[in-house]
Structure formats: C-alpha cells, structure tokens
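Listed here are the chains, written in short residue letters.
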Amino acid sequence: MIFIAIILGCVIGLVLGNFAPIISYTYSSYLAIAIVAALDSVFGGVASSLNKKFDMGIFISGFFGNAILAILLAYLGQRLNVDIYLVAIFVFVSRMFNNLAIIRRYYLDKFRKRKIKEAEMAENNTK
Amino acid sequence: MKNWKIALTFGCVCCILTLAICIQFKTIDDTNSTVSQTLIGNELRDQVLKWKEKYDKATKELETSEQKLESIRLESTQNDENSIHKEEEIKLDNILLGLTDVTGDGIVITLKDNNNVKRSNIGPLDNIELYLVHAGDLVEVVNALRNAGAEAISINGQRITNYTAIYCAGNVVVINGEKISSPIEIKAIGSPELLYGSIMIPGGYLELLEETGVIVNVKKQENIKINKYDGIINTQYITSEE
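So, how was this worked out
Residues numbered from 1 in each chain as written. Chains lettered and ligands numbered in written order. Predicted model: local features only at pLDDT ≥ 70, side-chain atom pairs only at ≥ 80, totals over all residues. Heavy atoms only, no water. Helix = DSSP H or I, 4+ residues; strand = E, 2+ residues; numbered from the N terminus. Buried < 20%, exposed > 50% of the residue type's maximum accessible area, 1.4 Å probe, protein only. Contact = heavy atoms within 4.5 Å. Areas by Shrake-Rupley, 256 points an atom, 1.4 Å probe, with all protein chains shown as cover. Pairing = 2+ DSSP bridges. Phe/Tyr/Trp six-rings, centres within 6.5 Å; stacked < 30°, edge-to-face > 60°.

Asks: An account of the overall build of chain A is requested, with residue identities and associated values reported.
Replies: Helix and strand content of chain A: four helices and zero strands. The order of α-helices and β-strands along chain A, N terminus first, is α-α-α-α. In chain A, which comprises 127 residues, the share counted as buried stands at 33%. Long-range pairs, those at least 24 residues apart, make up 77% of the contacts in chain A with a sequence separation of at least 6. Counting only carbon and sulfur atoms, one obtains 69% of the accessible surface of chain A, whose full area is about 8,700 Å².

Asks: Now, about the pairing of strand S4 (residues 166–169) of chain B: what can you tell me, with residues and values included?
Replies: Across four bridges, S4(B) lies against strand S5 (residues 172–175) of chain B in antiparallel orientation. Note that in S5(B) the partner of Ala169(B) across the bridge is Val172(B).

Asks: Please set out the packing of aromatic side chains residue by residue, giving values where relevant.
Replies: The full count for this structure, using the stated rule, is seven aromatic pairs over all chains. On the basis of an interplanar angle of 70° and a centroid distance of 6.3 Å, the ring pair of Phe3(A) and Tyr107(A) is categorised as edge-to-face. Of this pair, Phe3(A) sits in helix H1 (residues 2–19) while Tyr107(A) sits in helix H4 (residues 84–126), and the two are 104 residues apart along the sequence. With 4.9 Å between their ring centres and 40° between their planes, Phe59(A) and Phe10(B) make a pair best called tilted. On the criterion of chain membership, the pair formed by Phe59(A) in helix H3 (residues 56–80) and Phe10(B) in helix H1 (residues 3–31) is interchain, its members lying in two chains.

Spatial relationships are all this shows, so hold off on functional conclusions.
In structure tokens, the structure reads:
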C-alpha cells in the first residue's frame, strides 16, 4: 500500500513538475541540498515503517526540518566561506545508505523465509 | 496509526520531492550546467575580486612611491646646480607626457547627442547618425585643437597623451582603454583666444557638427584643471639613438 502511494505521489509530482516554473540559478544549489535532505527523510520513513516504528510527527518534522536546516547551513557556509553543505550532503547520503541497507535486509529476510517455507511445504507434500 | 494515513503522507511527501527534483532538473538544464559548477564560478569570482583588490593596492603603492621618489630627488638636487637643471627637465618632460595634473587658461567644448531626434520624427531622407557624436568627430576636434596650439587636452577626464588612441566601440567611444559617452566634455589648455577663434572658424568642423544636429557648446575658461594620465606608459622597443 505504501509503495503504491509513493509511486502515485511521484507520478503526480512529475506531472506537476512539467508545468512548474524554473527558479534562479543562485538558489538552485540550495534546492539541491534540500532535495538530498528530503530524500534522506523519505528513505528513513520507509525503513522505519517496515520496522513498525513509524512516527508521523517525526517523519513530517524531519522532512521539512532537515531540508530547511540544510538550506540554512549551506547559506551560512557561503557567508563564512566554508563549504558546510558538503558535510550536510555527506551526512544525508551516508544515512540514506544505512536506511537502504535496512530496507534491503528486510526484503531479503522475507524472501528467504518464504523460500524455506516453500521448501518445507514441498517436503510435507512428498511425505 | 492507520495504514492509509501513513500511505497518504508518503504520497504527499513524494509528490513534493519529485516536484522539487523536476524544478531542479529544469533549472539546471536551462543554465546548461551542473550544480557543482557554481562552486567553480564562486571561486573564479572570488579570485577576480581578490586580484582587483591587489591591483588597487599596487596602484596606491605606486602613487606613494612616486611621491617619495619626487621628494628624494628634490632633496638630492638641492645643492647641485647641474642636477637642479636635470630636475626641471624631468618635470617638464612629465608635463609633456601628461603624467602630472596641470592647470591653465583655455577652452571647454561640450558635445552632446541630440536626444530630441527619434526615428519617428526624423525626415525620410535624414540620417540619424548625423545627430550623434562619433569617435571620428572627437579625432577631428582634437586635431583642430592641437593645430591651434593646445598644450594639454582631456576628453571626459581622459588625458590625451602621445600614446592615446580614440576609437569607436559600438555605442561608446574608447579613450585610453576607458569607455566614454555623450555628453562629451573636451578641455584644452592653450591661448583661449587662439583656440576659440580657430575652433569656431566658419566652415570649421564644429560648425559642420552643429549644422548636422549635434548640440555644441564652446566657452573660454580660466584655470582649467586637467588631470594626469593615470595609467602606466610602458615602452619596450624604443631606445634613443646615440
């Protein structure tokens, strides 16, 4: 159900995005880092929902809060002449890999269990 | 937490996310470059600003060291007849080269594009080019002034030196590498009567300019101040033959 919703959301987003206006090039770097932060939140949300630990408040606040925080950090970095946004990207992407690993393991486990079950069933049938 | 609520949240969030990604893709495609290139652009801009700062600092240093040189030269030539003569020669040379600010009587010519003329109110056989001040006009005026014995000339603050070129660069005129445009103020130091008389001669170039539609204003003036040439004259090929 969740995955259907995700795909549906993506399709609607794509359609809307086709009619969306372009933004100034100066702000595109901020939008880019916001996208990375949001992507991290989505993967985190999927991983936690698979583990049955999903919390709506944490997810929504994380989605918007992380994006805004990342933009603010990137802006601060530009003013201070330090590339803080690199660190933000590093953290978000490494967390994304972690969450992907959790999702991967969950489905791998599920797949293996099903195979064992099928094997058992086959064994039972032959008896 | 109900399952459909979670799904709805995910749907909304993904919608926002893909929308943002779409906008980003379009923006980047539009500027025909990647995000990481802004970093390079910023670095280049930084470097340009830094070099400009360095350049300004160097010009200031040059100015102060020139003053120092002047004072040292003055000090060392105070008691020597021969070197006093040399010092005066150097000063005169600098004036002739246009490397010192000078004052004197002369005339001020103002040339202005005629802004009343437009494509709509001009006659079919008239040429709008004739109502504008061109680089060639400035060359003619400078030649006329030189011929009448002008000792120092500047156009919009740009000193006319031995090494000055006046040329057209589209909608501006470039003198000493600096862009200038209408209204153009030409200052010349020399005998005011002689300069005025020769430049306002009937059938002269200024009369022609005025006739074709350029706004011309000439006046005699006392104590005109003409700034020095603020660039650096570098010679590479000439040596004196002795």
